[in-house]
Amino acid sequence: MSDSDDLSAAAEPGPALDAFDRRILARVQQDCQRPAESIAAEIGLSASAVQRRLRRLRERGVIRAEVALLDPAALGAGLTLIAGIGFEREHYAALARLRALLAAEPAVQQAYSTTGDNDLVVILRVADMPAYDRLCARLMAQLPQIGRITTQVVIEPLKVGLALPVPGGD
């Protein structure tokens with residue numbers, strides 16, 4: 001999966017998720033390399049039934065991606081920042097260009113179009129503040145329509161995850 005893959009696309013319509021699907025999903029999103037045999041033993045299905053269901057969930061797009069979570073500090077990206085980006089009212093047309101720039105930027109972990117004081121909220125991982133300063137300078141040089149960037153430095157992450165609640169996944 002590349003940085004620019006769209007994870008916001010909805011799953012294809014299909015049969016509703018049953019109790020077994022939900023229990024499989026709850027386990028797979030915690031460890032996508034968990035053997036089907038282990039999941040099967042916990043939920044009361046055969047390993048082959050779990051494999052068939054996993055294949056169907058992938059084909060439908062319910063399972064969008066399977067990724068490895070890497071240690072940011074080991075890769076020189078130990079600083080987490082949350083940035084709010086705002087445009088002046090008359091420059092909203094530049095928003096599409098900024099979205100494309102953010103999608104292509106490896107330091108951007110997540111980006112959201114939001115209501116409130118900022119047009120976008122971005123979560124970034126960088127090596128240090130000079131690296132962040134260079135990134136901001138580059139963005140503002142490419143898009144002078146950016147009216148402001150407000151930044152919060154994460155002192156300590158309290159919870160980091162993307163796991164969704166799965167009703168009935170016990």
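Residues numbered from 1 in each chain as written. Predicted model: local features only at pLDDT ≥ 70, side-chain atom pairs only at ≥ 80, totals over all residues. Heavy atoms only, no water.

Here the focus is the environment of I149. Considering the arrangement of structural elements, one finds I149 in strand β4 (residues 146-153). In this structure, the C-alpha to C-alpha distance between I149 and G86, residues 63 residues apart in sequence, is 6.5 Å. (Helix = DSSP H or I, 4+ residues; strand = E, 2+ residues; numbered from the N terminus.)

Looking at chain direction, strand β2 (residues 108-113) and strand β3 (residues 120-126) are connected through 5 bridges and run antiparallel. Opposite V108, over in β3, you have L124 as the bridge partner. Once β2 ends, the chain turns through 6 residues before running back antiparallel as β3, passing G116 with a positive phi of about 100 degrees. (Pairing = 2+ DSSP bridges.)

Attention now goes to the confidence of the model for the chain. In this model, the chain carries a mean pLDDT of 90, and residues with pLDDT of at least 70 account for 92%. Taken as a whole, residues 1-5 scores under 50 in pLDDT and shows 6 contacts with residues more than four places along the chain or in a different chain. (pLDDT = per-residue confidence, 0-100. Contact = heavy atoms within 4.5 Å.)

Let us look at helix α2 (residues 36-43). Every buried residue of α2 is listed here: A36, I39, A40 and I43. Angularly, the buried residues of α2 cover 100 degrees about the axis, an arc narrow enough to put them on a single face. Of the surrounding secondary structure, the elements contacted by the buried residues of α2 are α1 (19-28) and α3 (47-60). A positive backbone phi angle near 85 degrees is found at G44, which sits one or two residues after α2. (Buried < 20%, exposed > 50% of the residue type's maximum accessible area, 1.4 Å probe, protein only. Arc of directions from axis to C-beta.)

On to the nonpolar core. Core analysis: the largest hydrophobic core is formed by 22 residues, its most contacted members being I85, L98, L102, L124, V126, Y132 and I146. Counting residues per element, the ones that place at least two in this core are β1 (79-87), α4 (95-104), β3 and α5 (129-142). Residues within four places of I146 in sequence aside, it is in contact with I85, G86, F87, L98, L139 and M140. Within the second largest apolar cluster, 11 residues are counted, among which are I24, I39, I43 and V50. (Core = buried A, V, L, I, M, F, W, Y, C linked by side-chain atoms within 4.5 Å.)

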